[in-house]
Amino acid sequence: MTVAALVVGYGIVLAYTAYQVNRHLRDAQVAVAMLRADLVAPHAPATQVSDHLATVQRESAAARSLTDGPVWGMPARLPWMGPPFVTVRGAAGAVDELATEVLPDLRAVRHDVLGDKLATGHGSIDLTPLIAAQQPLEHASTATDTILGSVRALPTTGLGTVDSARSTLLSQVTDLAGQLRTTRDTVDLLPPMLGAQGTRRYLMAFQNNAEARGLGGLPGGYAILRADHGKVSFERFGIDSDFAGLDVPTTGFDADFLSHYEGSDVGHFFGNVTVSPHFPYAAELLLRFWQAKAGERLDGVIATDPSALAMLLKATGPARMADGTVVTADNVVALSERDTYARFDDQVERKRFLVDLSKAVGDHVLSRGPSNASGLIKALGNAIDERRLVVYSTAPQEQRLLAKYPVAGQLDDTAGLFSGVVINNAGGNKLDYYLARNVTYTSACPGPDPTATVTIKLTNTAPATGLGSYAAGTADPAQAGQPLGTSRLLVGYYATKGAHFNSPTLDGKPTLLSSDTERGRPVFTATVDLPPGVTRTLVLHVEEPPAARGPVTTWVQPLVLPQTTKVRPASCGTKTR
């Protein structure tokens, strides 16, 4: 009777302890959610942040104390019932370590890396808070990675509520670890790239996506950007014809690149330096062209386009040009990539207007952007996500950090399933402003020779009349006799490494594709003539390597009109008896 009473009493205490642990962890979870919201809100009161942190620390410490005690420890040591108790104890410890080892560092640096105090005036950023934040962020990131490892090691239990809680915690810590690595790398990169140790100078290329290139568009204009101890300014602006007649060496580029783009004359024709979707190739060529012109090696390259400028103007408000033209988020793309061709017959005058536009927007963003730091950061993030803002540094350590993120503009090197369509304008016109793209990847059925189907629909939405010969004509003699407004496109399909193609068709009829390689990835290219108002459909049957696994990584080229991209499962027939 005494033993039975002890067992019952212990069961009651254990159940009550479990209830208390669950309550403390639940309250800690709610406080963590509020604290995370505070940490990314620049204007959240410091007292509110401290109160939420104190709640997390109090509740997580209580849960850890309960699970570290003998009531919880006894069943945790029993092999037949221990895993749930081990997992809950480990989860409580992980939350407590986050509360004591990670979150205090984030509270300490939040105002430094998020607040508007970084802005000190026209085009200036105070780098001191960023430098001060480097060590706390390094500590927080390292501690989070360690905690993540401990959560991953917690056993699954077969109990739905415990396993679900473990899965949620694992997901949250994984997200936090990734965010901290990104923030740490950003804070490590910005001070040196903004001239903390000395002046940095970059070539900024302005792409015109109305004439498509693999990276996005033809580099029609440029600026030299200067960064000196956080003070950012433009030294000069220019146009592509400034580099006419120059030749630069192509030594150091890999054989695949030189073979694939042999006909593009990238060492002589400045307008083709962005022919590849892999930005480091373009960056190195741009640096060499500037060195050939000015006799100096710059510290890096930035490339952007009017769609990115629209995102920035949405954060800063409209800019005004010297001639009174108001440039807004709503009109900058059309103004720079469509309207100027109707407005100016003299192309030199048109390009001068675009230089003035770039200068007005650039100066406006530098002067107004820091006052809306959160809006500017969001705009920059959106531009980077769409590969409309890419950055290259000649400093090897900085470039290695950049290469971990989309801002580097690198062609994806994954060995898994991959599908990307990259278009280069072969007609020398500006018709890609009107190019609509629809790409569908239909997955392969299982089997020894998996074959996916890729359907690429291209529509020229240009008006049949009203466009001048400069915007709608052609520089390709092979297009003689075709209607004005007919675009000639080199349509490259970037496939999974090791893939092959068979039976390609264009509008249902067999067609020819060339086959090249870029960065170890096969590229199948078709030449497509596209009259105004016409849709043409290119279909490829792609033999995927059996070893390729995982979801399909899709690559979307940043042009003017958004691409519609679909990945569909295969319709595999089922045999019946």
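Scope of this entry: the structure provided in the associated data block. (Residues numbered from 1 in each chain as written. Predicted model: local features only at pLDDT ≥ 70, side-chain atom pairs only at ≥ 80, totals over all residues. Heavy atoms only, no water.)

With that settled, consider helix α10 (residues 332–343). Along an α-helix, residues three or four positions apart point the same way, because every turn accommodates 3.6 residues. All of the buried residues along α10 are V332, V333, A334, L335, S336, E337, T340 and Y341. Here the buried face of α10 lies against β3 (200–213), α9 (306–316), β8 (326–327), α11 (347–368) and α14 (469–472). (Buried < 20%, exposed > 50% of the residue type's maximum accessible area, 1.4 Å probe, protein only. Helix = DSSP H or I, 4+ residues; strand = E, 2+ residues; numbered from the N terminus. Contact = heavy atoms within 4.5 Å.)

The strand order β15-β14-β18-β12-β11-β20 describes an open sheet built from 6 strands, whose pairing is mixed. Looking at the sheet topology across the chains shown, the edges are occupied by β15 (509–510) and β20 (564–568). Examined bridge by bridge, strand β12 (residues 451–460) and strand β18 (residues 535–543) share 9 bridges and lie antiparallel to one another. When the sheet's bridge partners are listed, K457 is paired in β18 with T537. (Pairing = 2+ DSSP bridges.)

Residues V102, L106, V327, V332, L357 and V361 are the most contacted members of the largest nonpolar core, which totals 88 residues. When residues no more than four places from it in sequence are discounted, the contact partners of V327 are L313, P318, A319, M321, V332, L335, L357 and V361. Among the nonpolar cores identified, the runner-up in size contains 35 residues, and V275, L298, F418 and V422 belong to it. (Core = buried A, V, L, I, M, F, W, Y, C linked by side-chain atoms within 4.5 Å.)

The next point concerns the pairing of β18. Two faces make up the sheet, and in a regular strand the side chains alternate between them. Bridge count between strand β14 (residues 500–506) and β18: 5 bridges; the pairing is antiparallel. For H500, the partnering residue across the bridge sits in β18 and is E543.

Here the focus is the pattern of salt bridges. This model, assessed by the stated rule, comprises 27 salt bridges. Note that R184 and D185 form a salt bridge whose closest N and O atoms lie 3.5 Å from each other. Judged by its relative accessible area of 13%, R184 is buried. For D185, a relative accessible area of 3% gives the class buried. D242 is paired through a salt bridge with R236; the nearest N and O atoms lie 3.9 Å apart. Under the relative-accessibility criterion, D242 is labelled partly exposed at 28%. Residue R236 is classed as partly exposed on the basis of its relative accessible area of 34%. Residues joined in a network through salt bridges with shared partners are R64, D68, D96 and E97. (Salt bridge = Lys/Arg side-chain N within 4 Å of Asp/Glu carboxyl O.)

Moving on: the sheet that holds strand β10 (residues 418–425). Ordered by their spatial adjacency, 5 strands build an open sheet running β16-β17-β13-β10-β19, and the pairing between neighbours is mixed. Since the sheet does not close on itself, it has two edges, and those belong to β16 (514–518) and β19 (553–556), each with one partner. Pairs of neighbouring strands in the sheet enclose a mean axial angle of 25°, with direction left out of account. Note that β10 and β19 share 4 bridges and pair parallel. Directly across from G420, in β19, lies its bridge partner W555. (Axes fitted to C-alpha atoms, helices over the stretch in contact; angles between N-to-C directions.)

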